[in-house]
There are 2 protein chains.
Amino acid sequence: MLDNLMGIEKQNKNIKATLRDVARVAGVSSTTVSRVLNDKPNVSDAIKDKVQSAIENLGYSPSPTARALNTGRTYTVGALVPTLDNAIFARFLDALEKRLTFHNLNLVISTTDEDPKTEVQNAIDLLNMGAEALIVSGEIRHPDFDQLISRNRIPVIITSYFTSNSPYPSIGYNNAQISKIALNHLFDRGHNSIAVIHGPTKHNDRTRERLKGIQEDKRFSSITYHEADISIGSGCAAARLIIRQKGRPSAIFCLSDVLALGVMFELSRKSISIPDEIAIMGFDNLSWSAHTNPPLSTIELSVASMGIKVADELNQRLNKNKPIQSQALEGQLIIRHST
Amino acid sequence: MLDNLMGIEKQNKNIKATLRDVARVAGVSSTTVSRVLNDKPNVSDAIKDKVQSAIENLGYSPSPTARALNTGRTYTVGALVPTLDNAIFARFLDALEKRLTFHNLNLVISTTDEDPKTEVQNAIDLLNMGAEALIVSGEIRHPDFDQLISRNRIPVIITSYFTSNSPYPSIGYNNAQISKIALNHLFDRGHNSIAVIHGPTKHNDRTRERLKGIQEDKRFSSITYHEADISIGSGCAAARLIIRQKGRPSAIFCLSDVLALGVMFELSRKSISIPDEIAIMGFDNLSWSAHTNPPLSTIELSVASMGIKVADELNQRLNKNKPIQSQALEGQLIIRHST
DNA sequence: CAAGATATTGGAACCGGTTCCATATGTCAA
DNA sequence: TTGACATATGGAACCGGTTCCAATATCTTG
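Rules behind the numbers
Residues numbered from 1 in each chain as written. Chains lettered and ligands numbered in written order. Predicted model: local features only at pLDDT ≥ 70, side-chain atom pairs only at ≥ 80, totals over all residues. Heavy atoms only, no water. Contact = heavy atoms within 4.5 Å. Buried area = accessible area lost by both parts, 1.4 Å probe. Salt bridge = Lys/Arg side-chain N within 4 Å of Asp/Glu carboxyl O. Near = heavy atom within 4 Å. Polar contact = N/O pair within 3.5 Å; in protein donor to acceptor, adjacent residues only side chain to side chain. Helix = DSSP H or I, 4+ residues; strand = E, 2+ residues; numbered from the N terminus. Least-squares fit on C-alpha atoms with pLDDT ≥ 70 in both. Nonpolar A, V, L, I, M, F, W, Y, C, P; charged D, E, K, R; others polar. Domains from an automatic or database assignment. Buried < 20%, exposed > 50% of the residue type's maximum accessible area, 1.4 Å probe, protein only. Pairing = 2+ DSSP bridges. Axes fitted to C-alpha atoms, helices over the stretch in contact; angles between N-to-C directions. Left-handed = near helix turned anticlockwise from the far one by under 90°. Phe/Tyr/Trp six-rings, centres within 6.5 Å; stacked < 30°, edge-to-face > 60°.

(A) Region of interest: the interface of chain B and chain A. Listed per partner, the contact involves 55 residues of chain B and 55 residues of chain A. Looking only at chain B, the three residues that lose the most surface to chain A are R151(B), R153(B) and H291(B), adding up to 15% of its buried area. Our count for the contact surface shared by chain B and chain A stands at 4 salt bridges. For D113(B), the salt bridge identified is with K98(A), shortest N-O distance 3.7 Å.

(B) Representation of the protein's contact with DNA strand C within the structure. Around DNA strand C sit 26 residues, and of these L19(A), R20(A), S34(A), N70(A) and T32(B) come closest. Within the side chain of S34(A), a nitrogen or oxygen atom sits 2.7 Å from a phosphate oxygen of DNA strand C. One of the side-chain N or O atoms of N70(A) is found 2.5 Å from a base nitrogen in DNA strand C. Looking at the surface near DNA strand C element by element, the count peaks at 4 residues for helix 6 (residues 64–71) of chain A.

(C) Seen up close, the side chain of S179(B). Residues and elements named next belong to chain B. If you trace the backbone, S179 turns up in helix 10 (residues 175–188). There is a polar contact of 3.1 Å between the side chain of S179 and the backbone oxygen of A176. The contacts of S179, once residues within four sequence positions are left out, are R210, G213, I214, F253 and F283.

(D) Broad picture of the relation of the copies chain B and chain A. When chain B is brought onto chain A, the operation consists of a screw motion whose angular component is 180 degrees and whose axial shift is 0.0 Å, with 0.1 Å RMSD remaining. A rotation of that kind, with that shift, is consistent with a two-fold axis. When C-alpha positions in chain B are compared against the rotation axis, the closest is assigned to V108(B), at 2.2 Å. A shared binding surface is used by both copies, with 100% of the interface residues of chain B retained as interface residues in chain A.

(E) Spotlight on the protein's contact with DNA strand D. Close contacts around DNA strand D come from 26 residues, with T32(A), L19(B), R20(B), S34(B) and N70(B) the closest. Taken together, the sugar and phosphate atoms account for 52% of what DNA strand D places within 4 Å of the protein. A distance of 2.9 Å separates a sugar or linking oxygen of DNA strand D from a polar side-chain atom of Y60(B). The separation between a base nitrogen of DNA strand D and a polar side-chain atom of N70(B) is 2.4 Å. Put simply, the parts of the chain that give the surface near DNA strand D at least two residues each are helix 4 (30–37) and helix 6 of chain A together with helix 3 (19–26), helix 4 (30–37) and helix 6 (64–71) of chain B. Looking at the surface near DNA strand D element by element, the count peaks at 4 residues for helix 6 of chain B. For the surface near DNA strand D, a count of residues per class yields 9 nonpolar, 13 polar and 4 charged.

(F) Representation of the domain arrangement of chain A in the model. Residues and elements named next belong to chain A. Per the domain assignment, the segments of chain A are domain 1 (2–62), domain 2 (74–174 + 304–330) and domain 3 (175–301). Each of domain 2 and domain 3 has a C-alpha centre, and these two points are 29 Å apart. Of the roughly 1,400 Å² buried where domain 2 meets domain 3, counting both sides, 46% is carbon and sulfur surface. The interface formed by domain 2 and domain 3 includes 2 salt bridges. Between E114 and R206 there is a salt bridge, and its shortest N-O distance comes to 2.9 Å. Taken together, domain 2 and domain 3 are joined by 10 residue pairs in polar contact (both at pLDDT 80 or more). The greatest single-element share of the side of domain 2 that touches domain 3, amounting to 4 residues, is contributed by helix 7 (residues 87–102).

(G) Examining the pattern of salt bridges more closely. Residues and elements named next belong to chain A. In this structure the tally under the stated criterion is 32 salt bridges over all chains. One salt bridge connects R141 with D205, and the closest N-O pair in it is separated by 3.2 Å. On the criterion of sequence distance, the pair formed by R141 in the loop between strand 3 (133–137) and helix 9 (143–152) and D205 in helix 11 (residues 205–215) is long-range, its members being 64 residues apart. For R141, a relative accessible area of 54% gives the class exposed.

(H) The pairing of strand 2 (residues 106–111) of chain B, seen in detail. Counting buried positions over the 6 residues of strand 2 of chain B gives 6, a clear majority of the element. Here strand 2 of chain B shows two buried faces, one formed by N106(B), V108(B) and S110(B) and the other by L107(B), I109(B) and T111(B).

(I) Looking closely at the environment of L134(A). Residues and elements named next belong to chain A. When you line up the elements, L134 lands in strand 3. Residue classification places L134 among the buried positions, given a relative accessible area of 0%. In this structure the C-alpha to C-alpha distance between L134 and L107, which are 27 residues apart in sequence, comes to 9.9 Å.

(J) Focus on the sheet that holds strand 7 (residues 222–227) of chain B. All names here are of chain B. Pairing is parallel in the open sheet, where 4 strands are placed in the order 7-6-8-9. Every interior strand has two partners, whereas the edge strands, strand 7 and strand 9 (279–281), have only one. For this sheet, the mean inter-axis angle between neighbouring strands, taken without regard to orientation, is 20 degrees. Here helix 10 sits on the sheet in contact with strand 6 (193–198), strand 8 (251–254) and strand 9, set at roughly 165 degrees to strand 8.

(K) Local environment of the packing of helix 7 (residues 87–102) of chain B against helix 14 (residues 303–320) of chain B. Residues and elements named next belong to chain B. It is at 7 Å that the axes of helix 7 and helix 14 come closest, and there the two elements cross at 35 degrees. Where helix 7 crosses over helix 14, the two elements pack in a sense that is right-handed. Contacts from I88, R91, F92, A95, L96, R99 and L100 in helix 7 reach V303, A304, M306, G307, I308, V310, A311, D312 and L314 in helix 14. The residue inventory of the contact of helix 7 with helix 14, partitioned by class, reads 12 nonpolar, 1 polar and 3 charged.

(L) Fine view of the packing of aromatic side chains. By the definition in use, this model includes 6 aromatic pairs over all chains. With a centroid separation of 6.0 Å and 80 degrees between ring planes, the pair formed by F145(A) and Y168(A) is classed as edge-to-face. A residue pair is termed long-range when its members are at least 10 positions apart, and F145(A) in helix 9 and Y168(A) in the loop between strand 4 (156–159) and strand 5 (170–173) qualify at 23 residues. Neither F145(A) nor Y168(A) differs from the other in exposure class; each is buried. Measuring from centroid to centroid gives 5.5 Å for F187(B) and F220(B), while their planes differ by 85 degrees, and the two rings are edge-to-face.

(M) Quick look at helix 11 of chain A. Along helix 11 of chain A, 8 of the 11 residues are buried, which leaves the element largely enclosed by surrounding structure. The set of residues buried in helix 11 of chain A consists of D205(A), R206(A), T207(A), E209(A), R210(A), L211(A), G213(A) and I214(A).

(N) Just the sheet that holds strand 9 (residues 279–281) of chain A, in detail. All names here are of chain A. Pairing within the open sheet is parallel, and its 4 strands lie in the order 7-6-8-9. Each having just a single partner strand, strand 7 (222–227) and strand 9 make up the two edges of the open sheet. Across this sheet, the average inter-strand angle for adjacent strands is 20 degrees, counted without regard to direction. Seen against the sheet, helix 10 (residues 175–188) touches strand 6 (193–198), strand 8 (251–254) and strand 9 and runs at an angle of roughly 165 degrees to strand 8.

(O) Quick look at unusual backbone geometry. In this chain, N293(A) is followed by P294(A) through a cis amide linkage whose omega measures -5 degrees. You can see P294(A) is positioned in the loop between strand 9 and strand 10 (298–301). The backbone phi angle of S160(B) is positive, close to 70 degrees, even though this residue is not glycine. With respect to the element layout, S160(B) can be found in the loop between strand 4 (156–159) and strand 5 (170–173).

Put into structure tokens, the structure is as follows:
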């Protein structure tokens, strides 16, 4: 019977039923089916039932793309992040995704490894798949980016990094100021000569800002800088260099807890006591940082709440058409026993 | 001039130019514009130029949704994972996303916290936004799920978990067998009485399978089981219980490196030497596991290569229409100094 | 130079929903 | 009984691309 109504070919070719098929089987117009599908008023119960059972019989489910074409909405936002394989970004995205889902928005993630070309290419891909907004990590300086955005008239939101000098709103940290908080703490503890271990600065605004904040502080008699990949092994290696240098510093400020962990392992191997001989300060407050030996003093960036704020602003913008508000978030000093 | 051609309203209302606008401005048909956009043959260079500059002038960019409606493709796959805030899943997704991008596919991530209802609801959302395939973590037992899939006729792939008893293909680990590898190692080292610390088993196939593998092993005189949340603090707490129990085990097998790390911290605080007094075996081989003191023996699940394999199969299925091949992946025993 | 092959170009249908607007039916007060 | 108005329902255009197929122009080749 269905065969007759739908045409045998359709059954055989295993083609999905369309709204018009449902209309035909139910003996109503497509307008009515659409009304039933979207719970619109002015449909009698009798017809509603007929349509429902036609839907049931045909195993019909509406086409998301056709819907998107009409409504102009995909309910999708894209996020460009350096990597997922980093606790900080993962924590941010986890909170972001949950909150976006709460607002009926979907998250497409695209990783860039901090490479500007990949960043722009992935931004293009995200727009091509219908993203309604873009979340980026730090400013994107590639010249094509701005043009891409203005062509597509799409909201952009900068995260992890707060700036008031960008055409785009930002929700993130004033990284320079936050590293000063750590420096104040070290200074208060009487440290005068310190070493800083940081991740790659190339294409990384966050790290550069943190370093800028440190460089602006003139109170210390000596600050040495050490660039390392964000890995425990690199932290170990950097620590080896630092403890060998003449005029060994009394404190090491690691711009990532991962590096700090490496340093602690290395110092422990060398039986250098923390914080008596060398104090260690981290950055990120990863989940294990409270459990190291001694527990690591660090800086907490509440990236989960950043995720929530970003999702909320996107919801305002996309679902209520209100402009996005920039927000500068605070870092919090967490004093434990490594300093 | 553009005003005249496009109609002043369009300019004022700031409406995006469409392909037909481009056609009008360039003085050609929409077919031709489409040809130019898609690099199709049989367009003269002169016309190609005219179209290109019309596109430029109007700041035109094609509508992804209209395209999707025609081609029937969204180039999007959805992944349902328990959480992003877990190194193992993050590492998997990082590799998966990169490889999918390589295959011209986009990844939408949806987190479920292992809750079956959320899982199904999010699956619905993913399909509603146009996902062409679904990646799930372990089997989904909610009754609505199978119906949803058959209605939408969408490929599903089970990951992290290998099974041959599912209607869906799976690419993952035989968790039961892998925990046996660890047990063999402990047995070979002469351990006879062991404690097992594992994460929540509710709704978690992976953990249950790992436990099943352990329970099938009858060689040990005593095995005690301790459930804990996957966190360092819970690992510490579980360790406290275990070292207090009568007939203290000679080895602790943690079904997650995170738990193992907590145990090591606790034992270190209690000055219990590893592995002499108690041996520790982990599971996951997280990045810091090689750097603990002593370095942690563990099991490596190459989740990054799992991500690549999943992406490759999806590419075969979606872009070449070949069936998905199930694959059982091997875990690798990594012997360091904690056992 | 004519006939046939090949390269260009456009008209119009189509993808699968949504929505504007017209029509039909029903209700109630005057 | 009739006019005014609310409720149900359908016809057809529309969203913005893609593509089938027909029409025209250009190029070969005998």
